[in-house]
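Report on the structure
Now for the letters of each chain:
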Amino acid sequence: LNEKLVRTANEKTLPIVIERETKKIRLDIQPCLLTKNQHAEKIEQLNNRNKWKDIDGIGYLNLVADYSKKEFKETLKRILQYETIIIDMRGYPESSFRELPTSLLDDKKVKESIQKFISIEYPSTLQVHPYYLRKKATSKVKKVAVLINQEAISYSEYLCVLLNATNKATFIGSNTTGAMGGVYIIPLPCDIFISITGHNAYYFPDGSEIQNNGITPDIQITPTIQGIKEGRDEVLERAIEYINTGK
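Structural notes, computed from the coordinates. What you see is a predicted model; the values in this text were computed from it and never measured.

Quick notes on the nonpolar core
Counting residues in hydrophobic clusters, the biggest one holds 35 residues, and the most contacted among them are Leu 63, Leu 100 and Val 146. Counting residues per element, the ones that place at least two in this core are α3 (69-79), β5 (84-88), α4 (99-104), β8 (143-148), α5 (155-165) and β9 (169-173). Among the elements that line this core, the one with the most residues is α5, at eight residues. Excluding residues within four positions of it along the chain, Leu 100 makes contact with Leu 61, Leu 63, Phe 72, Leu 76, Ile 87 and Leu 163.

Have a look at this one:
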């Protein structure tokens, strides 16, 4: 409870009174300090996945890991030598990886998405902007499985739009968050902040909206309790099955 509701940067303990029917319960609780520890712990967990590896001839690339610019450039060269690859997007990338989808294109230029922004001149209207993906390099990659879930948000979803434009990607897992770009932060009392996103992005070519809806995977699968107990990654296992069987 204290992690959700009671936040402070000063007090070591806070006295509270809980009224339950006719009884009053007095407690001294330790508040949740305003730090980035929880975020740092999450990043460490995601980094524990391999950044890249060979899975029986399939290239696996974890885009949620923390790369230096030089490290990712070297890793990308390795991954682009595979004919089939798995891209792990279950989380929020800490770096920019636009060079990956541009390296997977067969055509020199394709329309990647259509985005809508609120017009500055006419605030009650939306401006429509098409975006294009341009080929920057060559690769041997013919088939791509992209792992997604509810932790894929914002920039992760934008990268999924770019990967979708290559016409090589199949999305496997569960629905993404559905919150893309244009973040606006609203301060509240007690050093609490709310953030909302302010523009829509659309898949191309079908025009399906991602904002508020997320990206629905082509192959849906979620971890099971038994799989978690056994330490298995069932989403990754399903992606390997798809790569090997085509279904």
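Here the narrative resumes, following the displayed structure.
A few points about the environment of Leu 27
Along the polypeptide, Leu 27 turns up in strand β2 (residues 23-29). The partly exposed category is assigned to Leu 27, whose relative accessible area is 37%. Between the alpha carbons of Leu 27 and Val 17 there is a distance of 6.3 Å; along the sequence they are ten residues apart. In contact with Leu 27, not counting residues within four places along its chain, are Leu 14, Pro 15, Ile 16 and Ile 18.

A closer look at α5
Burial within α5 is extensive, with ten of its eleven residues counted as buried. Taken together, the buried positions of α5 are Tyr 155, Ser 156, Glu 157, Tyr 158, Leu 159, Cys 160, Val 161, Leu 162, Leu 163 and Ala 165. Downstream of α5 by a residue or two, Asn 167 has a phi angle that is positive, lying close to 60 degrees.

Notes on the pairing of strand β3 (residues 52-55)
The side chains of a regular strand alternate, residue by residue, between the two faces of the sheet. Both β3 and strand β4 (residues 58-62) contribute to a ladder of four bridges, which runs antiparallel. Counterpart to Asp 54 in the pairing with β4 is Gly 59. Once β3 ends, the chain turns through two residues before running back antiparallel as β4, passing Asp 56 with a positive phi of about 50 degrees.

Details of unusual backbone geometry
Not every positive phi belongs to a glycine, and Glu 21 is a case in point at roughly 55 degrees. Along the chain, the position of Glu 21 falls in the loop between β1 (14-20) and β2. Although it is not a glycine, Asn 167 adopts a positive phi angle of roughly 60 degrees. By the element assignment, Asn 167 lies in the loop between α5 and β9.

Conventions we followed
- Residues numbered from 1 in each chain as written.
- Predicted model: local features only at pLDDT ≥ 70, side-chain atom pairs only at ≥ 80, totals over all residues.
- Heavy atoms only, no water.
- Core = buried A, V, L, I, M, F, W, Y, C linked by side-chain atoms within 4.5 Å.
- Buried < 20%, exposed > 50% of the residue type's maximum accessible area, 1.4 Å probe, protein only.
- Helix = DSSP H or I, 4+ residues; strand = E, 2+ residues; numbered from the N terminus.
- Contact = heavy atoms within 4.5 Å.
- Pairing = 2+ DSSP bridges.

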